[in-house]
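Topology and contacts: notes
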Amino acid sequence: DDPRGIVWETISGLQNKGIVEFTPTTTNSCIMSLRMTMQLPRAVSLLFRTMNPSSSGASNLENFLKNKLLKWTLEMFRDVVKADLAFERGDAELGDALFGAAE
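1. Some remarks on the overall build of the protein
When its secondary structure is counted, the protein shows three helices and three strands. Listing every helix and strand of the protein by position from the N terminus yields β-β-β-α-α-α. Classification of the 103 residues of the protein by burial places 14% in the buried group. A separation of at least 24 residues holds for 20% of the contacts in the protein among residues at least 6 apart in sequence. Approximately 8,100 Å² of the protein is accessible, and the part contributed by carbon and sulfur atoms is 57%.

Below is the structure:
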C-alpha cells in the first residue's frame, strides 16, 4: 500500500471537498496537485458580487480564495507535515514549535 494522496469532505464549517495528490519527482520532493470545490454561504457570495458586479464577483472571489484562504491553508498543512517529520526524526522542540505555529 503506497498512498499518494488525500481525499476529504468537511463535516462542519465551510462546506468543501477535494483531493490532493502527491507525485514524487525525486526521493526528497514531489509535485502536489489539488482539486477542491466549496459551497459558499449566500451572504459571502453576495458580498463578492457587490464588490465586482460586472463579472458576478468571480475574479474577486477567485483571488481571495487563491491568494488568501488557499495559501493560508496550504501553509498550515505544510507546517503540520514538517512538524510530524521533526517528531519522527526525534526533534521534539522543532516539532512542537512548528505544530504550535500551525494551530
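2. A look at the sheet that holds strand β3 (residues 30-39)
Overall, antiparallel pairing links the three strands, which are arranged β1-β2-β3 in an open sheet. Among the strands making up the open sheet, the edge pair consists of β1 (5-9) and β3. With strand direction ignored, the average angle separating the axes of adjacent strands in the sheet is 5°. Pairing of strand β2 (residues 15-24) with β3 involves 10 bridges; the strand directions are antiparallel. Bridging from a neighbouring strand, G18 pairs with M36 of β3.

3. Regarding the environment of E21
The topology assignment puts E21 in strand β2. C-alpha of E21 to C-alpha of G5: the two residues are 16 residues apart in sequence and 4.1 Å apart in space.

4. Comments concerning the side chain of N16
As for its placement among the helices and strands, N16 is situated in strand β2. Assessed through its relative accessible area of 15%, N16 is described here as buried. Polar side-chain contacts of N16 include one of 2.6 Å to the side chain of W8. Beyond its immediate stretch of four places on either side in the chain, N16 contacts W8, E9, T10, M36, T37 and M38.

5. Here's the deal with the pattern of salt bridges
The final tally for this structure, using the stated rule, is two salt bridges. Of the charged contacts, one joins E21 and R35 as a salt bridge, the two residues approaching to 3.8 Å between their closest N and O atoms. You can see E21 sitting in strand β2 and its partner R35 sitting in strand β3, a full 14 residues away along the chain. Under the relative-accessibility criterion, E21 is labelled partly exposed at 34%.

6. What about the environment of L65?
Relative to the elements of secondary structure, L65 occurs in helix α2 (residues 58-88). On the accessibility criterion, L65 (21% relative accessible area) is partly exposed. Along the chain, L65 and M38 lie 27 residues apart, while their C-alpha atoms are 9.9 Å from each other. Each residue touching L65, except ones within four places of it in the same chain, is listed here: M38, L70 and K71.

What counts, and where the lines are drawn
- Here the residue numbering is sequential within each chain, running from 1 through the sequence in written order.
- Thresholds applied to this predicted model are a pLDDT of at least 70 for local features of residues and 80 or more for the giving and counting of side-chain atom pairs; totals over whole chains, interfaces and linings are not thresholded and use all residues.
- Just so you know, side-chain values use all the structure's heavy atoms and leave hydrogens and water out.
- In this text, helices come from DSSP runs of H or I with a minimum length of four residues, and strands from runs of E with a minimum of two, each type numbered from the N-terminal end.
- Each residue gets one of three labels from its accessible area relative to the maximum for its type: buried under 20%, exposed over 50%, partly exposed in between, using a 1.4 Å probe on protein chains only.
- We call two residues in contact when some of their heavy atoms are within 4.5 Å.
- Note on areas: Shrake-Rupley with a 1.4 Å probe; residue coverage comes only from the protein chains shown.
- Strand pairing is defined by DSSP finding a minimum of two bridges between the two strands.
- Axes here refer to lines fitted to C-alpha atoms; in helices the fit is confined to the stretch in contact. Angles between the N-to-C directions go from 0 to 180 degrees.
- Identification of polar contacts relies on pairs of N or O atoms within 3.5 Å, with a donor-acceptor requirement for protein atoms, meaning one able to donate a hydrogen and the other able to accept it, and with residues adjacent in sequence counted only if both atoms are side-chain atoms.
- What makes a salt bridge here is a side-chain nitrogen of Lys or Arg within 4 Å of a carboxyl oxygen of Asp or Glu, nothing more.

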